[in-house]
Each structure stands twice: as structure tokens, then as C-alpha cells.
Amino acid sequence: MAASATTVPGDRSLVERSPGRRLPDQVLRWGLTSLATLILIIIGYFFVRLIGQSGTAISHSGLSFVFGNDWDPAHNVFHGAALIVGTLITSAIAMIIGVPVAVATAVFIVESCPRRLRGPVSILVDLLAAVPSVVYGLWGVFVLAPKLLPAEKWFASTFSFIPWLGGGTPVLYNYFIAGLILAIMILPIVSAISREVIATVPQENKEAALALGATRWEMIRMAVLPYSRPGIVGGAMLGMGRALGETIAVVLLIGNAPTIGNHIFAQGYSLAAVIANEFNEAANTPLWASSLFYAGLVLFILTLLVNIVARYFISRGSRGTRGTGATGMTIASGPAGGQG
Amino acid sequence: MNRRITAAATAIVVAAGVAACGSSNSNTGGSGSTGSSSSSRPAATINGAGSTLAAPIYQQWSSTLKSQNLTQNYNPVGSGAGITDLQTATVDFAGSDPALKPSDIAKMKGPVLQFPVAFGAITVSYNLTGIKSGLKLDGPTLAEIFMGKITKWNDSAIKALNPGMNLPSSSITVIHRSDSSGTTDGFTKYLSDVSPTWKSSIGAGKVVKWPTGTGAAKNAGVAAAVKQTAGAIGYVEQAYAIENNFTYAAVKNSAGTYILPTIANTSAAANGITIPADLGISTINSPAAGAYPIVSQTFLDVYKDPCKDGGESKTTASGLKRFLTYAFGAGQSTLGAGSNQLPYAPLPSGLVTKDQSQLATMTCNGSSIS
């Protein structure tokens, strides 16, 4: 009845207001619903248009576009397995390198950065997102790729026994360099989201962990990271979307050879790169242009699939971790056990 | 997709501008045509799109023509996209490096004319420590290098062409264009011409399936990769090579002489080639004695009747004609090896005459353009 006291006299309660007086809420509800629907419609339209535009290529190449490995526009052969592999490898490298660094940066900023430096450091990390991707790409071309080539050669010959990593002959532009630049590019997104999420961990949880005798590292591992895990995963998914679709930096650094390399220092190609490279001259060759739309469609589906698969594994994994997190808390009472 | 939308948006904005100009001019023209002819010529705006190779030429000409009351905009979207823009009549002229194919002409709204505008050589640049100039190559050897069959600089085939040169034993790294380009088209056409194996296994095109090497984006990317890789070889446009002081090889032409890609040797490629009625020439592997063999040409494509088929006003059509008159007149003298000239090879006088007489056949709704 306290609620009715705050409403306009004559109305018994909020829910019993006349329809006219509920108008603002209804406008809000319909407005938000239509905006959300609009996004779905745009994505749906986008998808339908992509299928329509790639029709010629779908009937020409069919599924060999995905599974065949032979990209030869001069002979009307569009089999893009190498493009798909390249997209997946570079994004995987970006995630493996980028996400741990981004999360570590976020933990540092929230948990152990001196208060006065917290603002400036956050801003600097966020500024990485403001650098245009072509600048990252050119920096890779002129600085990173030539400077890292000797190190890559040393690594490949020293660790030649590790499959995929060693054994091959590194070339100037390769999967690894492209993945490394992508790692830097996804860093600000993943880091910014992780930072905000980590900052929401209740002080009580952290204090409880410390009171149970946890070290600072154990507190972060057992109280902070499990609590903020869903948010960090969301940030990582956004980063992965960026890595999968990034175009110009990859064009400059992947070597643009439609082959499947047998180690990470080999050159390759990606779906987004082939569209950027070939679209401007393909315009008056219908099959070629349509094949590039098909590449776009495959990228669209690939991004969707990778997201679904990643979310599935992570939700399964996080259920497991929540369990170990709980046991971790019990073990934390005996630090020796926690370390062992 | 994005590019197309931008192009379309630009075209719409510009078209609106043209319409505004056109209507105001036709008003003044209608009220007193004798009066307007005595004063300076009416302002007109014409829009083109296409070849990136030719973009510096059209941009330079545009700044000259501005003072003559003629605004010319050029959007370097690539030859293929330029042709589709002309097919939809979103531009007044298209720049294209390859000659129009029958399939391109079939989709045009009406008869089109193509004019050769200039030539550009494709240079073979290399990075060999100690060898700054003087490397000689011939077509079959080039094809073997770019096919990955010759892998060392001191291969007997290269040694035989360069007697006395101290060639290193290092590996050859092939650098090629990754983006679809007229440069790749010209280069692979040449290799197909000189090597039957290349023709049957790889062929010619704006993008081909390279058996070896690394793809770098645009001339600048190829140049950067060649500079950074010892033992690299790649192909770049002449204008780019000249402006950046690249080391390039002399290539043996069909007359058996080793020729450096200078402007004069590039212009010479137009001598001795057959000129078809539609002027759709190809200057690859020219039989002329002093011609550099890897030369690409660039064309300007317009509707024969831009008013009827391109939907242009009479003012725009006459602006287009003024632009073309300049291109095959005073414009040609802006090209050449001089310090204040653009590093493209101008047309030889024989082709200029053919361009000019073809220009005279342009009409607006059937009547000749003033």
C-alpha cells in the first residue's frame, strides 16, 4: 500500500492505472522491442542477401568451396578450404596469445595497480582500440615481420620436434605474424570488458578468501576469476569476432597464398582477405564476384559456428570449474594442499 | 560490398550536383545560346571510375581542367568495377586497363567507344646485394622463376643470360600482387605469351594461382616485401618503380634485344602492333625492335551517345567531349620522362590521330556534340 501512496490520487496502484496513464511504459516497451527486432531483421536480411548474391557460386562450387583446396580464379575454380583454415588458425593464435595477456592486464589494473596509475593505464590500453587496423598492418609489414623473422627461424629449427610449430622454414609473412597482430588488436576489447567485470567482484568474497589464509594469487584464482568468468568469456567472444573478421591487417601480413601451410610460420590466406584483395576487379565477372559473396557467407556461418561451439565448451568447462572452485576454497584453508 | 555502396553513394551525390548544374546551364543556354557561346564555356562536371593504374593521370588532368570550368572526378575503384559503373551509367566514363570483352559490351546500355590513353611498363624489380643494375632476363627464364622451377640466383639459366656477373647462390623469393590487378593481368599475359608451360598450367588473369612465392597487397606492398627480403624478385608498375628508384632488370624482347623499361622504350611498344577497328590494342610482347616487352595500356571507355544511353545532359556530354579532346591533345604532353611529367608513356602520334577521329563520331541524341 506504500506504493499507492506515491501514485497520483485516484489510482489505487501502479498496475491498476488507466491505460492512458500507463502510456509512457507502453511506448518504452514497444520502442525497445522494435529496436531489438530491427537488429534481428537486419541480420536476417543480411543473411538472405548473402545467400542470394552467392547463388551463382553455390551452384557452381557447392560444398567443394568449403572442402576443396584449389583457389584459381583464372580458371574459374573456387575451392576455399585454405581460406577457412587460414581464418581459423590466425584467430586461434590471436586468442591463445591475446586473451591471457588481456585478462592479466585487467587483473593487474583492478587488483594490484597503484591507485594513481589505474586511470592512465586503463586509458592507454583502451587507446589500442583507437589505432586503425591498417596502421597495425603496416607496422607489422615494416617493423614486426622483418624483425621477428630471425627469431622465428631460430624457434623453428630449435623446436623442430614440435609438430605445427617447428620444423618448417619461416617466411616473411605467415600465420603467426598475422595472429600476433590480431592478438594486439583484440587486446583492448577483451581487457576493457574483463576489467569492468573484475571490478564487480564483491569485496566480501575477496576478503573471505584472504581471511581463510589465501595468498593474493590464490585469492585472484579462487575468488576473482571464477566470479567474473562469464563476463571474461563474453569479452573473449567479442575479441574472437573481431579476429575472425579482421581484413586489412591480415591482408598485409598473411602472405595471401591460397595454400594450407603445415606449420604456423607458413603463409596462407583468409576469407576476409580474399574478399578485400579480389573484389574490386571481380565486379564485372559474375561468377568470381559471387564466389567472393560466398566467401562472405561462409565467414558469417563460420563465425556463428565458432561462437556456438566455444560457448558450449566454455559453459561445460565453467560448470566443472565452479566445482573445483568450491573445492579450491576448502583446500585454501590449508595452503600447502592448495599448492600441491 | 562496402566499396560498391560508397561508390553508389558518391555517384548519387555527384549526380545530384550534375543535375543541378545541368539544369541551370540549360536555362541560360535556352535563353540565349549565341550569348553563352561567346563567353567562357559552361561549367560541367563529369565523373569517372575504374583503373588504379591510370588514377594519377586523371587526377593530374583534373586539376588542370578545373581552371577551364570543367570539374572531373575520378574514383579509382579498379578496372572491373569501373566497367560495371559505366554499364549502370553511374559514371560518365570508365578507366580500364584491359580492352573491353564482348561480355562487357553486351551489358552496356548502348554502343561504347574505347580510347587508348597511355602506356605503362611492368618492371621486374629485384633485391640482390652487390648487384644494383645490369641484370638481364628473358621471358622463358622469368616464367621458370615465377613458376618456382628456377630457385637459386646462380642457376645456369640466369648465369647464361648474365655472363661475367657474380651471382650469389642464395634462394630466389618470388613476390607477387595479392590484390586483383591489371598489373598481374599484364604480367601473366606476357608470361603466357612466352612460355607454353605457363599458359597451360597457370594462365593469365587479374589473380592467378601462383605456384610459388608470397602475395603482397598493391604496388607498395610488393615494393616493401622486395626491399626487405634479400634475394627477392617481384613486378611493379613503372611509375612506381621510377618514383622509388627501384633496381629493375632489362628484359629480352621479341626482336632479341635486352631492353630497360624507360618511358621511350615503353612508348615504342605501340609501334608494330596491329590496331583493330575498336582500338582494343594489346601492347604485350610488341614486335617493335626497341620496345620493352611487358607493357600494359590503359583505356578510357564512354558511351558513343552519352545523352541517349548514359542519361547525360547536353552540357555534361559536351564537357565529356572537352575532357577527351584534352586527353588526346594537350594532356598527352603531361606524360613522359621529364621532371614535371607523370612517369607514363604517352601515345605515339598514330594512335593519337585514331583516338581523335573516333572522338569525332560521338553524338548527343544523334546530333554531333559541340
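Provided above is the structure to which this section pertains.
Residues numbered from 1 in each chain as written. Chains lettered and ligands numbered in written order. Predicted model: local features only at pLDDT ≥ 70, side-chain atom pairs only at ≥ 80, totals over all residues.

**Q** If you had to explain the overall build of chain A to someone new, which residues and values would you point to?
**A** Scanning chain A for helices and strands turns up 14 helices and two strands. Considering chain A as a whole, with its 340 residues, one finds that 37% of them fall into the buried category. In chain A, of all internal contacts separated by at least 6 residues, the share reaching a separation of at least 24 is 73%. (Helix = DSSP H or I, 4+ residues; strand = E, 2+ residues; numbered from the N terminus. Buried ≥ 20, exposed ≤ 12 C-beta atoms within 10 Å, placed from the backbone. Contact = placed C-beta atoms within 7 Å.)

**Q** Please set out the overall build of chain B residue by residue, giving values where relevant.
**A** For chain B, the helix and strand inventory stands at 14 helices and 13 strands. Counting over 370 residues, chain B shows a buried share of 52%. Partitioning the intrachain contacts of chain B with sequence separation of at least 6 by distance along the chain shows that 71% fall at a separation of at least 24.

**Q** An account of the packing of helix α5 (residues 81–112) of chain A against helix α10 (residues 216–245) of chain A is needed here, citing residue identities and associated values.
**A** Residues and elements named next belong to chain A. Direction vectors running N to C along α5 and α10 enclose 140°, while the axes themselves pass 9 Å from each other. The pairing of α5 with α10 is recorded here as oblique in orientation. Considering only the axes of α5 and α10, their crossing is right-handed. Here α5 contributes T87, S91, A94, M95, G98, V99, V103, V107 and E111 to the contact with α10, which in turn contributes I220, V224, I232, A236, G239, M240, A243 and L244. Taken together, the residues of the contact of α5 with α10 sort by class into 12 nonpolar, four polar and one charged. (Axes fitted to C-alpha atoms, helices over the stretch in contact; angles between N-to-C directions. Parallel < 35°, antiparallel > 145°, perpendicular 65-115°, else oblique. Left-handed = near helix turned anticlockwise from the far one by under 90°. Nonpolar A, V, L, I, M, F, W, Y, C, P; charged D, E, K, R; others polar.)

**Q** Describe the sheet that holds strand β5 (residues 136–137) of chain B, listing the residues and the values that go with them.
**A** With respect to topology, three strands assemble into an open sheet ordered β5-β9-β10 (chain B), the strand pairing being mixed. Of all strands in the sheet, those bounded by a partner on one side alone are β5 and β10 (258–259) of chain B. (Pairing = 2+ DSSP bridges.)

**Q** For the sheet that holds strand β1 (residues 44–50) of chain B, give the residues involved together with the corresponding values.
**A** All names here are of chain B. With mixed pairing, the eight strands of this open sheet are ordered in space as β2-β1-β3-β11-β4-β8-β6-β7. Of all strands in the sheet, those with a lone pairing partner are β2 (70–75) and β7 (214–216), marking the two edges. Mean inter-strand twist for the sheet, computed between neighbouring axes without regard to direction, equals 25°. The pairing of β1 with strand β3 (residues 93–96) spans three bridges and is classified as parallel. Residue pairing across strands places A49 opposite A94, the latter belonging to β3. The strands touched by helix α4 (residues 79–87) are β1, β3 and β11 (295–303); relative to β3, the strand with the most contacts, the crossing angle is about 155°.

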